[in-house]
Every structure is written in C-alpha cells, then in structure tokens.
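# Breakdown of the fold
Okay, here's what each chain looks like letter by letter:
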Protein chains: 2
Amino acid sequence: MAGIAEIIAVGSEMLTPDHLDTNSLFLTRKLNECGFEVRLKTIVGDTESDIAAVLRSALVRSDVIVFSGGLGPTEDDLTRQAVSTVLGRPLETDQAILDALRTRFAARGIRMAAINERQAQVIQGAEVLKNPRGTAPGMWIEDRARHVVLLPGPPRELMTMFESEALPRLEKMGGGRRLIRKSFRVIGMPESEVDAIVAPLYTAYPSIQTTILAAAGHIAIHLTRWVEPGGEIRDLEELTAAIQAKLGMAVFTSSEESLEEVVGKLLRASGRTLSVAESCTSGIIGMRITRVPGSSEYFLGGILCYSNELKMKLCGVAPELLERHGAVSAETAQALARGVRITTRSSIGLSMTGIAGPGGGTAEKPVGLVYAGVSDGSRTVHDSRNLPGDREAIRERAALFALALLREFLMSGP
Amino acid sequence: MAGIAEIIAVGSEMLTPDHLDTNSLFLTRKLNECGFEVRLKTIVGDTESDIAAVLRSALVRSDVIVFSGGLGPTEDDLTRQAVSTVLGRPLETDQAILDALRTRFAARGIRMAAINERQAQVIQGAEVLKNPRGTAPGMWIEDRARHVVLLPGPPRELMTMFESEALPRLEKMGGGRRLIRKSFRVIGMPESEVDAIVAPLYTAYPSIQTTILAAAGHIAIHLTRWVEPGGEIRDLEELTAAIQAKLGMAVFTSSEESLEEVVGKLLRASGRTLSVAESCTSGIIGMRITRVPGSSEYFLGGILCYSNELKMKLCGVAPELLERHGAVSAETAQALARGVRITTRSSIGLSMTGIAGPGGGTAEKPVGLVYAGVSDGSRTVHDSRNLPGDREAIRERAALFALALLREFLMSGP
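Residues numbered from 1 in each chain as written. Chains lettered and ligands numbered in written order. Predicted model: local features only at pLDDT ≥ 70, side-chain atom pairs only at ≥ 80, totals over all residues. Heavy atoms only, no water.

### A few points about the overall build of chain A
The condition is simple: Under the scheme used here, helices are H or I runs from DSSP no shorter than 4 residues and strands are E runs no shorter than 2 residues, and both carry numbers assigned from the N terminus. We compute the radius of gyration from the C-alpha atoms alone; for a globule the expected value is 2.2 Å times N to the 0.38, where N is the number of residues. For every residue, the accessible area (1.4 Å probe, protein chains only) is compared with the maximum for its type, and the residue is labelled buried under 20%, exposed over 50%, or partly exposed between those bounds. For this analysis, residues touch if any pair of their heavy atoms sits within 4.5 Å. Working definition of accessibility: Shrake-Rupley area with a 1.4 Å probe, residue cover restricted to the visible protein chains. We count Lys and Arg on the positive side and Asp and Glu on the negative side, and we leave His and both chain ends out. We put the charge of a Lys on NZ, of an Arg on CZ, of an Asp on CG and of a Glu on CD.
A tally of helices and strands in chain A yields 13 helices and 17 strands. What you see for chain A is a C-alpha radius of gyration of 27 Å, clearly larger than the 22 Å of a compact globule of 414 residues, by over 25%. By the burial criterion, 55% of the 414 residues in chain A qualify as buried. Residue pairs at least 24 apart in sequence account for 67% of intrachain contacts in chain A once pairs closer than 6 positions are excluded. On chain A, roughly 16900 Å² of surface is accessible, and the fraction owed to carbon and sulfur atoms is 51%. Counting 46 positive and 49 negative side-chain charges, chain A places the averaged centre of each group 4 Å from the other.

Below is the structure:
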C-alpha cells in the first residue's frame, strides 16, 4: 500500500487566468518515486483562513501534506502562520536562521529590512529545511502521525530543497515502497489504434496501471506499478516486452527521449549530416533538431523556403515542376529534399511542404495536407498526411511527421 | 463585491507527473469577466468520496462551484454520482438525452453500448447544458443559494459549453459586476526595472490590482479592477495612460499581441518583405514569424546558417570576416543580415548568432552571448546581450531579442 500525499500550492497569482501551479508535477514525480500516491492538489490564495481550511481537510485524509509557497517575508506570505494556527504550535524565532539572514544581507552590503525577520520564524517542533538557493527556509513537521512539509514557491528553491532535505526523510517513511514507471512513445498511429493493439496485453496485468495519452506529436503509453520492498517487477518487464514486440518500429523511444534526440543519435551513429528545407513549418524542424545539445555535429542548417522563389532559387526546384504539381505535392517535397542536400552539401536532405491554413486550402488540397521528403542522393522517399487541428497544431504535427519519416529512412536505409 | 467561485477539476490523470489542469485558466478568465473571483482550485482523482468531500467544503465557502471532467460514460466518471449524493438529489434518466445519444450513434453506424446510458443521467432539478462538441451533457444546479456547474473535461467541449450555456447564466447572477483587465507587454528591460518605473504610479491607485510578471520573453503588466454596475473606470484609464507614457517604446502591445504579430503589422503597413538568417536559434525566429496567419505576405523565408560554411555560402559572409571576428560577433551579425537580404531579395534581412550552450562558451564569449542584426541595404544595425538561462531559454530569448531589434528598426526607420 502506498502512502497518501496531498499537495497545497499557496499564492493568489495562481488563481488568475495567467498562472498555473507547475511545481506539483515535479513534486508528484518525486513523491511517487519514494512511495507516495498524490490524492489531491489544491491551489489556494494568500488568505490565512483558506490555507487553514485546506490544511484541516488534508489532515483528515492524507499522510503527507506538502505546501509550496507563502514562506517569503511579506505580509502576503501566510503559510507559516496558518499551519501554526491549525496545528496549535506557536511560531518561535530561530536565532540561527536570523543570524544567517543578517549575514546574507550584510555580505551583499544591504541593510536587512525588519520584515525579513518573519523568515526566521519557525513552527514549534519543526525541523528546519535548508534553502541553499534563497532566504526562506522550509519546515518538516511531524504531528499526530501526519507529516506537514513547507517548501518555498520559486521552482529552483523548491526543487533543490525537496531533493536534499525532504526526499531523504520521505524515503525513510516510505519504507522502500516505490512506484515504478515505464513509458513508450509511439508515432504514426492514432491513440485509438494504439489502444486497440495494446489493450489485450495490459488487461492481463491488473496490478499495472496503464494509461494511453495523446501528447504533443506522439502517443505516450505509461505503465506504473507499486512495488513493495523486495517485491518483484517481473510482470512489468513482461508487459513491457510484450508491448514493444507488438508495436515494433512505431515505438520511437522507451526512455522518454524526444523524436529529435532519437534522430540525432541515428545520424551521429551513421556519421551522416543533415539539412532541412522547410516551407509550411518554416523553422520548426530546424528548431527541434538544434534543441539537442551537440546537434552541430550532424546538422548543417537549412532553407526556410516559404516563398516559391526560394524553393526554386535555393532548393533547386524546377519552375515547371512547381507549375505542374504545385508547391504542396509529392514531387515538390522530393525535389526540395534533393535540392537542399545539394545546396548545403549534407549527406541527407529533409523537406516539408504543406497547407497550414487557415487560408489557402482547396477541395483538392485542403488545409492540413502536408508532404515530407527525404533524400540521400541515391534514395529519395516521401509521404503525406491530412493533419487535423488549427494552424499551430498542423505545423507542429507536420514537423514531427517529417522527423518520423527521417527516422524511418535512417533505420531502413543501407 | 465580487461573487466567489471555486473550480474543481476531476481526473486521476491530473494527479500524475505528466498532466496539469489547464481548463482552469480559461474558466478563471471567464468567471472574472462576469463578476466572480476564483478563491480556490482543487484537482481530485476519479474517487467518488474525494469528489464528494471537496464539494462539501466548497459549498460552505463559495457561491459558484464549477466542475470540469468526470462526466463521460465509463465507470471512472463519477462527478454526477458524487454531486448527486452530496446534494441529496437522485439521478434520473433524461429521455431526450438518451434519444439524442442513440441518434448520434446510429448516424455513425455504431451500436450504442449500454454504458453510454450513464451520460443520460441527470441530477434531479438540474438544468441540462448542451454539448454540441461531444456526448456528455453538462448540468446547472441551483441549491440553497449555491450554484453547481458540471462541465465536461475535454477543453473544446468545456469551452464551447461554458460560453454558450454557463456564461449567460453567470452574467445574470453577477448583476453587471465585472473584472476589467488591462495588460501591457514590455520588452528590453528586466522585471525589477519595470517595477521601479511603474510602482510609483500604481501605488496611487489602491483599488486597482497591479501585477508585474516575467513571461516568456517579455514582462507583462496586468491591471485589474472590479467595477460595479454603472461604475466608473476613470482611474484605470488614468493609470493605463500614465504607465504607457512612462514606458513609451518599451511597451510593444497593450492588446496582448505577440511580438511577431506586432512586427508583422509594421511590415505589412510599410509594404516591406523580410527574410532571416538564423544561427543559434536555427528556426525559432522563422517559426514565430510564420505562426501569424497571412505572414506569407511579408515573409519570404530564410537561411538556417548553423554551420560556418552556410554562413559564407548562402549569406555571403566573407571568410576573412569570420576568421577575424568569429561567428558570434557584431560584424558577423551585420554581414548575415545584409547577406540574407541579398540572397533572398527581401527588403529587410534579420540575423541572429550566439552561443546557446551548454558547450562552446569561452571567458571572452560566454554561453548566452548573442548578436542580432537588421539591414535594409542602406541602414544596418546590430545589438547584443548576455542572456541568462539554459540552452532552451537562451534560444527563446535570443529569438525575441532579434524580433525586438527588428521592431525598433521598423519604428525608427525612414
């Protein structure tokens, strides 16, 4: 049985239309890893009574309650005060923290405003969690078989403090229970098809939780399973192997890599260089490929051939070909891939041309129609799709479709 | 006084490390607009007792409780059941919904599985909210001066239903009270500088809530103010004018436009065309510019000159210049802007070259150093920055820095 955790994010800015609580993704992953299931997340404003009310509910149902935010020096920072009230433990000034705060300010040549003394207030009986990246210390409070953890809101401070101070304590509590995760990313088939293939496999393993989700440009399959100390995970290994065998090439990673990382490894391994000719995506493919550190080893660059003139001038597409087949066609995609390879002297050229919309579609060539091409000089391939979604979605999907074609080319080639 | 709303998102996937509730951003904006402040947000799993517990707490403190998710046909969809239990109102099958469901399935030639009948169950006394984009209907329930709104989880379904069915009802309840928002986006100065300039202005208007936030590539200033029916907003207009006057050119939009939209309008208005030469950003600038529908009117394309060879071959940078000053230099940025303009025959060339890291930095040219250039043939400008952050952040910021330089060029030029 997993322990039950609950996350409470404090901050009025997260109750506006502009801000989400994103710390909870990190916290959830870490809590899962050391044996805790997240049962509930609450986002509450800088209002002491609301923070207190949420904590009271949480204490009834959860073993560990993790707060983020509301530990700063201003009057809006009310987490300390609210937790102190609910647990009936007064705040006490911690002289060591106060001295450290003063030293910190002095080192920067700034007089410490009195308001900062609030950050030296510690809930009676709490263990202080060090904050190497900021001024607000955290707290770890054990109270009648519940554990309340107070972390600062800024993500860098929160992550560092959690890793170094909270995680070791939680791991001890978790007693070796942990959540094992295994993921696949699949490209080239819709969610329903992935589900149809995989469902007969995972239904045989009821203790493994399987979710299939449409992510940006790929379908993700997540398998999770709670493992008791010393427990076996043979069933997870079996299911993993069965899914991999069934989906084959459609799985582009089982280690949460991006498609551009996978393609980069294939290029590096084969010692080949790449260039791109992008029309409708106009930079998305290049941006993705170069997101990977070290991509300059295999990526030379490319042409954003948004206008037909640049398709002809820089990618060597013949005017007659454009005239006869149009800019969005298999012929143009192939010509672009061949042409950009020659212009840039790369081993492989990759192209994308399509209609991203909202305008420009016709009955014959509707919005969403895209063509990708790959050429290494001796072998040229192409493929097309009718992609759904708005302009932004079509462009993102088109870039991934082109990368998927490149991956196939690199895996199947000589 | 604003009404108090609370948002409850139902779905176990939002309690994993992979998914956030994003519907609440849309809901918060809409609720604010029709007079409701969001006091609390909760994310709860597909567990009936947890959904019920959260609703019980919410009924004590909030006027309007908006649920998203948990209305589908499967056994995991428990919102209906939980709300029915807490309010003490039984579920009743709505024959009209059932018939519509059957018709919908029949039209697609599919036999309706019995499980779908759950979607025809309506809480006693609820008004049914139509779902033109899906099968699960929503509900509007008035109960002892509280209002509970049940919306489906998929964003497209939720947004459409909210706009057409919930919003008119909420506006009536709001009685004309509303939250007025005014935003500025500022580029080219850090958050602290914006705050130092703006704080003396906004502190004179205590009834206007002012927040200054570092967003992706710009600083956002949000002013919000609750307005009673028939109330004046002269103070908001005054403050808006004062901020605009003080920040001047640094404000690139006061209507939530992106920098690429602003630049696109300037290009369109001046009848000029643009091309880009991107080294370290390698596509991000082109991608941003072409994100704007209709950008083909002024954007011709560009060169991803990731390798030095392409900087020379396609952007006309002299080998001696590269040799003497290096690829990351003011001279190369200017040469790239001039060169890409000539290669692509555009009116204006825009360039970006820099060190995105993590490798490649030196003491003299550290990671984060970037140069942008703009040229129209007769006039060439450049600027540089030492950008903070990791590879991804530096690249994003570099692209926006280049667009900001282009904006300045377009606004200052002849």
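Having seen the structure, we can now continue with the description.
### Considerations on the sheet that holds strand E7 (residues 138-143) of chain B
Defined as follows: Each pair of strands is called paired provided DSSP finds at least two bridges between the two strands. Note on geometry: axes are lines fitted to C-alpha atoms, helical ones only across the stretch in contact, with angles between N-to-C directions running from 0 to 180 degrees.
On the basis of which strands lie adjacent, the open sheet formed by 12 strands has the order E6(A)-E7(A)-E8(A)-E3(A)-E1(A)-E2(A)-E2(B)-E1(B)-E3(B)-E8(B)-E7(B)-E6(B) and mixed pairing. Because the sheet does not close on itself, it has two edges, and the strands there are strand E6 (127-129) of chain A together with strand E6 (127-129) of chain B. The average undirected angle you get between the axes of adjacent strands in this sheet is 15°. Pairing analysis gives 8 bridges linking strand E1 (residues 3-10) of chain B to strand E2 (residues 36-44) of chain B, with the strands arranged parallel. By the bridge assignment, Ile8 of chain B is partnered in E2 of chain B with Thr42 of chain B. Each of E1, E2, strand E3 (64-68) and strand E8 (146-151) of chain B touches helix H1 (residues 23-33) of chain B; the most contacted strand, E2 of chain B, lies at about 160° to it.

### Observations concerning the packing of helix H6 (residues 191-202) of chain A against helix H7 (residues 234-247) of chain A
Residue and element names in this part refer to chain A. Stated precisely, the cut-off is as follows: Just so you know how the angles are binned, under 35 degrees is roughly parallel, over 145 roughly antiparallel, 65 to 115 roughly perpendicular, and the rest oblique. For a crossing to be left-handed, the near helix must be turned anticlockwise from the far one by less than a right angle; the clockwise case is right-handed. Residue polarity follows a fixed list, in which Ala, Val, Leu, Ile, Met, Phe, Trp, Tyr, Cys and Pro are nonpolar, Asp, Glu, Lys and Arg are charged, and the others, Gly among them, are polar.
Where H6 contacts H7, the axes come no closer than 10 Å and their chain directions differ by 150°. Here H6 is positioned roughly antiparallel relative to H7, judged by the angle of their axes. Note on packing geometry: the crossing formed by H6 with H7 is right-handed. Residues Ile197, Val198, Leu201 and Tyr202 of H6 pack against Leu239, Ala242, Ile243, Lys246 and Leu247 of H7. Here the contact of H6 with H7 is composed, by residue class, of 8 nonpolar, no polar and 1 charged.

### A few points about the interface of chain A and chain B
As a reminder, the rule being used: A simple way to read buried area is as the amount of 1.4 Å-probe accessible surface that goes missing from two parts once joined, with both sides added. Between Lys or Arg on one side and Asp or Glu on the other, a salt bridge is scored when a side-chain nitrogen of the former is within 4 Å of a carboxyl oxygen of the latter. Definition of a polar contact: a pair of N or O atoms within 3.5 Å, with one able to donate and the other able to accept a hydrogen when the atoms are protein atoms, and with sequence-neighbouring residues admitted only if both atoms are side-chain atoms.
Contact residues are listed per partner, giving 65 residues for chain A and 65 residues for chain B. Counting each side, the surface lost to burial between chain A and chain B is near 5200 Å², with a carbon and sulfur contribution of 58%. A per-residue breakdown of the area chain A buries against chain B is headed by Pro17, Leu20 and Lys41 of chain A, which together make up 12% of the total. Inspection of the chain A/chain B interface yields 10 salt bridges. Between Arg291 of chain B and Glu392 of chain A there is a salt bridge, with its nearest N and O atoms 3.5 Å apart. Counting every contact that joins chain A to chain B gives 29 residue pairs in polar contact (both at pLDDT 80 or more). Counting residues per element, the side of chain A that touches chain B draws most heavily on strand E2 (residues 36-44) of chain A, which supplies 7 residues.

### As for the confidence of the model for chain A
Defined as follows: Residue-level confidence of the predictor, termed pLDDT, takes values from 0 up to 100.
Scored by pLDDT, chain A comes out at a mean of 92, with 99% of its residues at no less than 70. ipTM for the predicted complex: 0.83, alongside a pTM of 0.83.

### Looking at the relation of the copies chain A and chain B
What counts here: When the copies are superposed, the least-squares fit takes in the C-alpha atoms of residues with a pLDDT of at least 70 in both.
Least-squares fitting of chain A to chain B yields an RMSD of 0.4 Å, with the superposition described by an axial translation of 0.3 Å and a rotation of 180°. In short, the pair behaves as if placed about a two-fold rotation axis. Residue Gly283 of chain A of chain A places its C-alpha closer to the rotation axis than any other residue of that unit, at 1.9 Å. Most of the interface of chain A is mirrored in chain B: 100% of its interface residues are interface residues there too.

### So, the side chain of Lys311 of chain A
Residues and elements named next belong to chain A. In this fold, Lys311 is placed in helix H10 (residues 308-315). An unpaired buried charge is present at Lys311: no salt bridge exists, and Glu309, the closest side chain of opposite charge, is 11 Å distant. Residues contacting Lys311, with those up to four places away along its chain left out, are Ser279, Cys305, Tyr306, Gly316, Val317, Leu322, Ala327, Thr332, Leu336 and Thr353.

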